[in-house]
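Chain and residue survey
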Amino acid sequence: MFQAEWIEGSRIKGLVVNFLPSWWHKHYGITWGERMFYDPEYRMDIDQQMRRLLAERFTGLPLGERDPRRRAVQPTTNNALTPAAFGCDIFFPDDKYAQWHPMDSYDRLIHHRPGDLRSVFPFNEIIRQTRLMNEQLGIDEQPFFPPMGVLNNAVQLFGDRILGDLLDEPEIARMLLGILAEHEIEKLTINAAQGWRGNWYLFNCSVDMIGPAIYRDTVLEHDQAVARQARSLDCGVHLHHCGCFDRFAPVYQDLGPLKSMEIGFTSDPALAADFPMNSGPLYIILNHQILRTGTVRQVEDHVAAMLDKTAAISRRVVLLALDLDYGTPDANIRALLEQCEIDRTGRRL
């Protein structure tokens, strides 16, 4: 993943660290903007620079690379992906991921249904740039259309209005979710037709705002449809729940077997570790506020608590330090890696 670092662990399966555009922009003057999306040469240059800067900044730790090779980096609009595909205006700040203006009417979604996604922005641009990078680097990578999640898509398009209408206007809300589930299935099917057989993410960042009962009655059937399609294509299913997993555990059993799952820091890791539908890795999102504003001791205590609660499945655990913003002390990042007993060579510290 662009500007994210995967680190193999000795005490745990691994650790992922990523920094927001604002961190890069304020520390090093790296500019996102339209060029980061439209210019593959610039994006690959910046990717190399980022990996080198991390290695220089965090000497002795497995962040970045001293001599990074040039690699293909797919263009991304991040959370603006679905709004862009359905015709919303998007824009590219210098120090943030792409932003967008939401839809002002449900009719726009009902009547602005894209045709073949391969000819629709931004997917056509992903295809075009992948071909350019393949030619330049002498490789044969396939373009990848990322998952976003059914309810997440709806919230990105309409804001919290759609959440209220799950109760107030359930018929139209379900119809809109059905359209967005079909959109997820189309992306998944195109990827699989090109040989992709990874784990398709069910992103459920928004479901904490509606609770498990409303999720069960209005959203679950659409997540189930996406999950069924993934399994029919010999792909796995990854559940992403960055809020509190605990209340949703019973209803999530109806999603069927998972290849991996992801929980937020307010969840009980021990409960998630015993979740019967997941036999694969358990990803745990760390509290980025503790990482950003806490003391080294608070970071150590936070990480230690997560590790202690999942000790029985430690080789399945991946900790996620995501969206680290400008102002996160380097000492806290070092403390995070040291608490996980990771050094540059992968040995225990």
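From a predicted model like this one, the values you see are computed outputs, not experimental measurements. (Residues numbered from 1 in each chain as written. Predicted model: local features only at pLDDT ≥ 70, side-chain atom pairs only at ≥ 80, totals over all residues. Heavy atoms only, no water.)

For the protein chain, the count of helices and strands is 15 helices and 9 strands. At 20 Å, the protein chain has a C-alpha radius of gyration in line with the 20 Å of a compact globule built from 349 residues. Each principal axis of the C-alpha atoms in the protein chain carries an extent, and together these give about 55 × 45 × 35 Å. For the protein chain, the proportion of its 349 residues judged to be buried stands at 52%. Within the protein chain, counting contacts between residues at least 6 apart in sequence, those at least 24 apart form 67% of the total. Here the protein chain has roughly 15,000 Å² of accessible surface; of this, 49% comes from carbon and sulfur atoms. Here the protein chain contributes 36 positively and 47 negatively charged side chains, and the mean placements of these two sets differ by 5 Å. (Helix = DSSP H or I, 4+ residues; strand = E, 2+ residues; numbered from the N terminus. Rg over C-alpha atoms; globule rule 2.2 N^0.38 Å. Buried < 20%, exposed > 50% of the residue type's maximum accessible area, 1.4 Å probe, protein only. Contact = heavy atoms within 4.5 Å. Areas by Shrake-Rupley, 256 points an atom, 1.4 Å probe, with all protein chains shown as cover. Lys, Arg positive; Asp, Glu negative; His and termini not counted. Charge placed at Lys NZ, Arg CZ, Asp CG, Glu CD.)

Right, let's get into the environment of W200. When you line up the elements, W200 lands in strand β5 (residues 199-203). Among the residues examined, W200 registers a relative accessible area of 1% and is labelled buried. The sequence separation of W200 and L188 amounts to 12 residues, and the corresponding C-alpha distance is 7.4 Å.

For the rest of this paragraph, the subject is the sheet that holds β5. In space, the 7 strands of this open sheet follow the order β1-β2-β9-β8-β7-β6-β5, with mixed pairing throughout. Each having just a single partner strand, β1 (4-8) and β5 make up the two edges of the open sheet. Averaged over all pairs of adjacent strands, the angle between their axes in this sheet comes to 20°, without regard to strand direction. Relative to strand β9 (residues 317-324), strand β2 (residues 14-19) runs parallel, the two being bridged by 5 bridges. Opposite V16, over in β9, you have L320 as the bridge partner. Here helix α15 (residues 330-339) sits on the sheet and contacts β1, β2 and β9; the angle it forms with β2, its principal contact strand, is near 165°. (Pairing = 2+ DSSP bridges. Axes fitted to C-alpha atoms, helices over the stretch in contact; angles between N-to-C directions.)

Counted residue by residue, strand β6 (residues 236-241) has 6 buried out of 6 residues, so it is predominantly covered. Burial along β6 is two-sided: G236, H238 and H240 and V237, L239 and H241, pointing in opposite directions, are all buried. Of the pairings in the sheet, the one linking β5 to β6 comprises 5 bridges and is parallel in character. In the strand pairing of β6, L202 is matched with L239. Since β5 and β6 lie parallel, the crossover through helix α10 (residues 211-232) that links them has a hand, and here it is right-handed. Bridging between β6 and strand β7 (residues 260-263) involves 4 bridges; their strand directions are parallel. Within β7, the residue paired with H238 across the bridge is S260. (Right-handed = clockwise from strand over helix to strand, strands pointing away.)

With that out of the way, let us pick up the state of the cysteines. Under the counting rule described, the total for this entry stands at 0 disulfides. The thiol of C244 is not disulfide-bonded; the next cysteine sulfur, from C242, is found 11 Å away. C242 supplies the cysteine sulfur nearest to C340, a cysteine that is in no disulfide, at a spacing of 20 Å. (Disulfide = S-S within 2.5 Å.)

With that settled, the discussion passes to the confidence of the model for the protein chain. Per-residue confidence for the protein chain averages 94 on the pLDDT scale, and 97% of its residues sit at or above 70. For the stretch residues 343-349, pLDDT sits under 50, and the model shows 20 contacts to residues farther than four places along the chain or on other chains. (pLDDT = per-residue confidence, 0-100.)

On to the environment of C242, then. By secondary structure assignment, the location of C242 is in the loop between β6 and α11 (249-252). Residues C242 and T266 lie 24 residues apart in sequence; the distance between their C-alpha atoms is 8.7 Å. Setting aside residues no more than four positions away along its own chain, C242 makes contact with C205, I263, G264 and I285.

What follows concerns helix α8 (residues 161-168). Within the span of α8, buried status applies to I162, L163, D165 and L166. The buried residues of α8 all sit within an arc of 165° when viewed along its axis, so they share a single face. Residues L167 and D168 are exposed on α8 and point more than 90 degrees away from its buried face. Of the surrounding secondary structure, the elements contacted by the buried residues of α8 are α5 (106-111), α7 (150-158), α9 (170-193) and α10. (Arc of directions from axis to C-beta.)

This paragraph deals with the packing of helix α14 (residues 296-309) against α15. The geometry of α14 relative to α15 is characterised by a closest axis approach of 9 Å and an angle of 30° between their N-to-C directions. Classified by the angle between their axes, α14 and α15 sit roughly parallel to one another. Between α14 and α15 lies a crossing whose hand is right-handed. Across the interface between the two elements, V296, V299, E300, V303, A304 and L307 of α14 pack against A331, N332, A335, L336 and Q339 of α15. The class makeup of the residues in the contact of α14 with α15 is 8 nonpolar, 2 polar and 1 charged. (Parallel < 35°, antiparallel > 145°, perpendicular 65-115°, else oblique. Left-handed = near helix turned anticlockwise from the far one by under 90°. Nonpolar A, V, L, I, M, F, W, Y, C, P; charged D, E, K, R; others polar.)

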